Structures are given as structure tokens and as C-alpha cells.
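This is what each chain is made of:
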Amino acid sequence: MFFHNSNSKTLCENLISTSKFLILSLFNHQKPPFRYTQNLKYVNVYMKWKKDSFFDSIEHIHKSIELKPIIQLKNFIVNDPNGCIPISAVSKRGLQFDISIKVARFLRQYPSVFEEFRSPQYNLPWFRLTPEAAEIDREEKRVFEECKEDIKDRLKRFILMSKDKVLPLKIIKGMEWYLGLPERFLEDSKGNLDDSFKFVDLEDGLKGLAVESKGEKVLSTMQRNAMKSAVYFGGTLEGIEFPIFPSKGLRLRRKIENWLNEFQKLPYVSPYEDFSHLDPNSDVAEKRVVGILHELLSLFVEHSAERKKLLCLKKYFGLPQKVHKAFERHPHMFYLSFKNKTCTTILKEAYCGKSSIERHPLLGVRKKYIELVKESDRILKKRRINNQCIKQEKLEKDLDSHSHADSDDRMEIPL
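Residues numbered from 1 in each chain as written. Predicted model: local features only at pLDDT ≥ 70, side-chain atom pairs only at ≥ 80, totals over all residues. Heavy atoms only, no water.

Before going further, it helps to examine the overall build of the protein. Per the secondary structure count, the protein includes 18 helices and 9 strands. Burial status across the protein gives 44% buried among its 415 residues. Put simply, of all contacts in the protein between residues at least 6 apart along the chain, 67% involve residues at least 24 apart. (Helix = DSSP H or I, 4+ residues; strand = E, 2+ residues; numbered from the N terminus. Buried < 20%, exposed > 50% of the residue type's maximum accessible area, 1.4 Å probe, protein only. Contact = heavy atoms within 4.5 Å.)

In C-alpha cells form, the structure reads like this:
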């Protein structure tokens, strides 16, 4: 009977309309995480790459590629019981050390690191470390021993970011240099790994290393820093903004700037959390990808890595096929350097202002190695100058001897 009254019917419609408006207003004001997750679609934006001389000039990043085979050869020599090796021990291992020239020639390019001498028994070149290189090697071992827990924690986080909390050993070994793991770290599992690590058999006969989190919540670098700033309180899908550092002269169009502002407000999905509920074509899913890349680079020694190395992790970390676009769409967070005929991804946050990214304990040691390697250029230059002086002196002596011989011949000519 209530609906037969026209005034009552109008009043009812008004109440329903008002209720709908209030509910919609409430949802728009609070913006619950699930609305973002399900409704916000991927926005296609393009940002032009801009060269930045600051990031292109960070020496320990761009010298890292040159340093890696030097350290591998250094370790090979140190591991020998005699502390020295004949050239025959490494002459055919160039591929193993990623050296494209003859190993003997490579060793002679770094006289500040490798000292060449002749064996008293065999007339062959032998090599050992210089005293300066041996001293840095001892310091490196001390750092490894003192910071073993830190290095182990970085490995644990690296594995926990993977989809199944397990990675093939070949993948871990391929990233050893970036994680700062000592050589043979995995081989000595009893001394270096705790009971949360477990070696497992994977498909295709591969061996893997798994980690059990034991129900403990693992916080990412972003979450820990946000808690220190009191902008994150430990919940799931809370909005955490990435620190951004625009390059000089890089201006964004209004449309892109608006998109970036909205992107920053999206819920932050930790690299250690389940992401199966996310729409892979949403901006929230992209924010998770950016979060994984941020966390990975935070763990690495130089907070940088060759882009091709990161792309190899797609399958294991649940990253999309076109993950490389994340670097291009977020130049305020990542810088792509094209020095050394490769593409290196650099986390800007680690090098801008008062960084909240934890410094890797091995970084200081690598910087010392780089300074020692640079000394090789000065030694070789000095040798070239000395050789030129010796050749010049020999040439002058030869000219003098010839001139004396000519004068003697003239004196002996009979009248």
C-alpha cells in the first residue's frame, strides 16, 4: 500500500538516490585498495630518455665490468696452495673468466695487481699478487667474515622474491657478482647457510636453493624506510610513494605528470607478497614490477646491474615479458647508462642526496681494487716512456759508433 501513495513514492526514490550518493562519496573518499587493484587499468605513457653525465661518471659502476675478471683471476691465484701459478694453469681458461684476449696478455695489462716472474725450474712466466693486491685481498676476507649475516640476508631476500621461493643454482651463480657473494659461498653451505636454506631438485635435472620464511613477514627496503618516516604501518596494500629524482632538464608533459602523481598513490605490493590476485594489465601490477626492480637493485653491491642480467630473471620473479619498459617509463627512479657498449640500470635513489638505501659492505673493498687497477695505467705509461728513452739512447750510441767508424775510415785513406 505504501507505493500507491505518490508522495511516499517520490520520498522513497529521493532516499534511495541520496543513499547511493553517500555510499559512492564514501568509496571515492577512502579509495580502498581493492578498487585500485580491480579497476585501474594500465595507462600507456612514454618518457624520452635523457643523458645524465652524473650517473655516466660513477666510476665504481662502470669499472665493475672490467674488475670482475680481474677478481676472478685473483681468486684463482690465491686459492693455489703456493699462492702463484704458471701461465699454463690459466692460458686456456679465457672463456671461464670472460676474457676475450690471451690470458697472459690480460694479466700483463694489470701490473699493479699481478706480478710476473720466471720460475727457477722452468723458463715459463709465472704470476702472483703484488703486495698491494694481497693486502686488499686480506681486507676482503675480513669483510666477508664480519658481514656474513648481512650477505646471507641479501641472498635470502633475493630468493624470497621469486614466485616459488626457490631459484636454480645457475641463476644464483649468475648474480653472485651483483649480490657480493664470496667465491664458493654456496659450496660451503654448512659454514655459510642456516637451516632456512634448503637445496632441492628442480625440473630438467637442475639443482635449486629454496628458502623457508617460517611465517615471518619480510619487509622490503621501501616498507622499512616508510615505517621510519611514519607513512607506513605494516598493513597490506597501503599506498607508499617511491622516492623520485628527476634528471636536470627533463620536463614532463601535464598528462604524464598527472599519471605519475596517481601512480604514486597506488597501493604498494611488496616483492615478498602474493600477487596472484592482481590484474596483470593494471597500473597496480606495474607498481609491483617497479617495486621488485627497486628491491633488487637495493640488494646489489653497486645498486646497479646490466639490464640483460635483470631481464633473465623474468621467468622466476613473475615479471612481464616487456619488463624493460618499466625502466623507460620511470626515468625518475632508474637511469639507463649506455657506457661500455652495454646497458646498465642504476637505482637513482642510492646516489642522490641522503640515501636511505643500505650500503653494501663490499662496496668499499671494490673501490680500493678499482684504485689499484688504475695504477696499472701509470705503471705501463712509465714503462713505455722508459723504453722510449732506452731506444733513443741505443740509437744515439749506434749513430755515434757509425760516425766514429766513418771518421776512422777517412783517416786511413792514403794520399
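Read on, since the account is not over.
Opposite charge on two side chains permits pairing when their charged atoms draw close. Tallied over the entire structure, the rule returns 26 salt bridges. Put simply, Asp-153 and Arg-157 hold a salt bridge, and the shortest N to O gap is 3.0 Å. In this pair, Asp-153 and Arg-157 both sit in helix α8 (residues 148–160), 4 residues apart, roughly one turn of the helix. Its relative accessible area of 12% is what places Arg-157 among the buried residues. (Salt bridge = Lys/Arg side-chain N within 4 Å of Asp/Glu carboxyl O.)

Quick look at the sheet that holds strand β6 (residues 207–211) now. Pairing is antiparallel in the open sheet, where 3 strands are placed in the order β4-β6-β5. Either end of the sheet is taken by a strand with one partner, and the two such strands are β4 (166–168) and β5 (197–201). The average angle at which neighbouring strand axes cross in this sheet is 30 degrees, direction not considered. The sheet contact formed by β4 and β6 spans 3 bridges and is antiparallel. When the sheet's bridge partners are listed, Val-166 is paired in β6 with Ala-210. Against the sheet, α8 touches β4, β5 and β6, its axis set at about 100 degrees to β6. (Pairing = 2+ DSSP bridges. Axes fitted to C-alpha atoms, helices over the stretch in contact; angles between N-to-C directions.)

Attention now moves to the sheet that holds strand β1 (residues 84–86). On the basis of which strands lie adjacent, the open sheet formed by 3 strands has the order β1-β3-β2 and antiparallel pairing. The sheet terminates laterally at β1 and β2 (114–118), the two strands that pair on one side only. Across the sheet, the mean angle separating the axes of adjacent strands is 30 degrees when strand polarity is ignored. With 3 bridges joining them, β1 and strand β3 (residues 125–129) adopt antiparallel strand pairing. Paired with Ile-85 across the strands is Phe-127, a residue of β3.

Given a rise of 1.5 Å per residue, 13 residues ought to cover 18 Å, and the 18 Å separating the end C-alpha atoms of α8 matches this to within 8%. Of the positions making up α8, those classed as buried are Ile-151, Lys-152, Arg-154, Leu-155, Arg-157, Phe-158, Ile-159 and Leu-160. (Expected span 1.5 Å × (residues − 1).)

As a further point, take the packing of helix α5 (residues 64–79) against helix α7 (residues 131–146). Between α5 and α7, the shortest axis-to-axis distance is 12 Å and the interhelical angle comes to 90 degrees. The angle between α5 and α7 places the two elements in the roughly perpendicular class. In this structure, α5 contributes Lys-74, Asn-75 and Val-78 to the contact, and α7 contributes Asp-137, Glu-140 and Lys-141. Within the contact of α5 with α7, the residues separate by chemical class into 1 nonpolar, 1 polar and 4 charged. (Parallel < 35°, antiparallel > 145°, perpendicular 65-115°, else oblique. Nonpolar A, V, L, I, M, F, W, Y, C, P; charged D, E, K, R; others polar.)

As a further point, take the nonpolar core. Ranked by internal contacts, the top residues of the largest apolar core, which has 99 residues, are Phe-114, Leu-155, Phe-300 and Phe-317. Top element by residues in this core is helix α14 (residues 283–299). It accounts for 8 residues. The residues contacting Leu-155, other than those within four sequence positions of it, are Ile-172, Leu-179, Leu-181, Phe-185, Leu-186, Leu-193, Phe-197 and Leu-209. (Core = buried A, V, L, I, M, F, W, Y, C linked by side-chain atoms within 4.5 Å.)

Turning our eyes to something else, we now look at the packing of aromatic side chains. In total, this model carries 12 aromatic pairs according to the counting rule given. Ring geometry for Phe-54 versus Phe-55: centroids 5.0 Å apart, planes at 75 degrees, classification edge-to-face. Consider the rings of Phe-327 and Phe-334, whose centres lie 5.4 Å apart with planes at 85 degrees: the pair is edge-to-face. Each member of the pair, Phe-327 as well as Phe-334, is classed as buried. (Phe/Tyr/Trp six-rings, centres within 6.5 Å; stacked < 30°, edge-to-face > 60°.)

Peptide bonds are, in most cases, trans, and in most cases residues other than glycine have a negative phi. Positioned with a positive phi, Arg-184 is a non-glycine residue whose angle comes to about 65 degrees. Of note, Arg-184 is situated in the loop between α10 (176–179) and α11 (189–192).

One way to put it is that α8 packs onto α14 with a least axis distance of 10 Å and a crossing angle of 160 degrees. Of the possible angle classes, the one that applies to α8 and α14 is roughly antiparallel. For the pair α8 and α14, the sense of crossing is left-handed. On α14, the residues touching Arg-154, Arg-157 and Phe-158 of α8 are Glu-295, Leu-296, Ser-298 and Leu-299. When the residues that make up the contact of α8 with α14 are grouped by side-chain class, the tally is 3 nonpolar, 1 polar and 3 charged. (Left-handed = near helix turned anticlockwise from the far one by under 90°.)

Here strand β8 (residues 334–337) shows a buried face lined by Phe-334 and Leu-336 and a second buried face lined by Tyr-335 and Ser-337. The pairing of β8 with strand β9 (residues 344–347) spans 4 bridges and is antiparallel. When the sheet's bridge partners are listed, Ser-337 is paired in β9 with Thr-344.

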